[in-house]
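Coordinate inspection notes
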Amino acid sequence: MSSVRIEDSWKQALAAEFSQPYFEGIITFVKQEKTAGKVIHPPGSLIFNAFDTTPFDQVKVVILGQDPYINHGEAMGLSFSVPKGIKIPPSLRNIYKELSTDLSIPPAAHGDLTHWAKQGVFLLNAVLTVEHKKSRSHQKKGWETFTDAVIQAISTQRTDVVFMLWGNFARNKKVLIDQEKHLILEAAHPSPLAGGAYFGSRHFSKANAYLTQQGKKPIDWKLD
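Residues numbered from 1 in each chain as written. Predicted model: local features only at pLDDT ≥ 70, side-chain atom pairs only at ≥ 80, totals over all residues. Heavy atoms only, no water.

Quick word on the layout of surface pockets
Definition in use: Buried and open spaces are told apart on a 1 Å grid over the protein atoms alone, a cavity being a set of points where a 1.4 Å probe fits but cannot get out and a pocket being an open set with protein on both sides within 12 Å along at least five of seven lines. Residues with an atom within 4 Å of a point are the lining residues. Grid points are joined across faces, edges and corners, and a volume is the space filled by probe spheres set on the points. Numbering of helices and strands starts at the N terminus; helices are DSSP runs of H or I of at least 4 residues and strands are runs of E of at least 2.
Approximately 810 Å³ is the volume attributed to the largest pocket. In terms of lining residues, the largest pocket is bounded by 29 residues, among which D67, Y69, S91, H189 and S191 are the most central. Mapped onto the lining of the largest pocket, the elements with two or more residues apiece are β2 (61–65), α5 (90–103) and α8 (167–171). Among the elements that take part in the lining of the largest pocket, α8 stands out by supplying four residues, more than any other.

Now the structure itself:
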């Protein structure tokens, strides 16, 4: 665990997971892949970027993705987000379109969602690493066990968090969340492959209405 860079409040909330053999197995697996000469995304310093940027006790919204992006320079440890200067991926373009329809916020010129993360939007991928150009290559290596525990920790130890579950993969995580304590918003995936079924979900305004109702500061979704 000493080699894992992660914000202190998460270390406390997830202490039981970091001490489990499966977690050490994940770290060993990733190190072995790198030793074998494989290129892994995101860079090591960004694997836990979502945790570093959004402390556990500041999480207001959870947006769950599946895997990191597989091309050079894209993955930055925040689900759906890419660094400034990188072409905006199709799913994120659709997220921006929905945001524009929902809250009249013009689409951003970049794909860096750090501004959201710093306000309490926890951008979690279910799997935190991937091999270059090989989608889903690090699934079933232990990451899902860890991130399921992360979702459960938020559900158990926090209250009044908004969970945005987009697509069947994310919606299957609903069983990990206490619906009596939190708001769960479900929709189709923003990918173009969903045929536009994501549009009209209005999750951004619904999230802010809920946060306001709970006495919390709403999210400023505008990025530029």
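What about the environment of S155?
Stated formally: Remark: exposure states derive from per-residue accessible area (1.4 Å probe, protein chains only) relative to the maximum for the residue type, with buried under 20%, exposed over 50%, and partly exposed in between. Throughout, a residue-residue contact means that at least one pair of heavy atoms, one from each residue, lies within 4.5 Å.
Inspection of the secondary structure puts S155 in helix α7 (residues 143–157). In this structure S155 comes out as buried when scored by relative accessible area, which is 4%. Sequence separation between S155 and A16 is 139 residues; the distance between their C-alpha atoms is 16 Å. Those residues in contact with S155, other than ones at most four positions away along the chain, are F163, L176, I177, D178, K181 and H182.

Some points on the nonpolar core
The cut-off we apply is this: Throughout, nonpolar core names a set of buried Ala, Val, Leu, Ile, Met, Phe, Trp, Tyr and Cys residues whose side chains join them through atoms within 4.5 Å.
Core analysis: the biggest nonpolar cluster contains 66 residues, and W10, F51, W116, F122, F146, M164 and W221 have the highest contact counts within it. Among the elements that line this core, the one with the most residues is α7, at six residues. Each residue touching F51, except ones within four places of it in the same chain, is listed here: I6, E7, W10, L14, F122, L124, L128, F146 and V150.

Observations regarding the sheet that holds strand β6 (residues 183–187)
Rule in force here: A pair of strands is treated as paired once DSSP finds two or more bridges between them. Helix axes use the C-alpha atoms of the stretch in contact, all axes being lines fitted to C-alpha atoms, and the angles between their N-to-C directions lie in the range 0 to 180 degrees.
Across the sheet, which stays open at both edges, the four strands sit in the order β3-β2-β5-β6 with parallel pairing between neighbours. Only two strands of the sheet have a single neighbouring strand rather than two, namely β3 (121–125) and β6. The sheet shows a mean angle of 20 degrees between the axes of neighbouring strands, taken without regard to direction. Strands in contact with α7 are β2, β3 and β5 (162–166); relative to β3, the strand with the most contacts, it is inclined by about 155 degrees.

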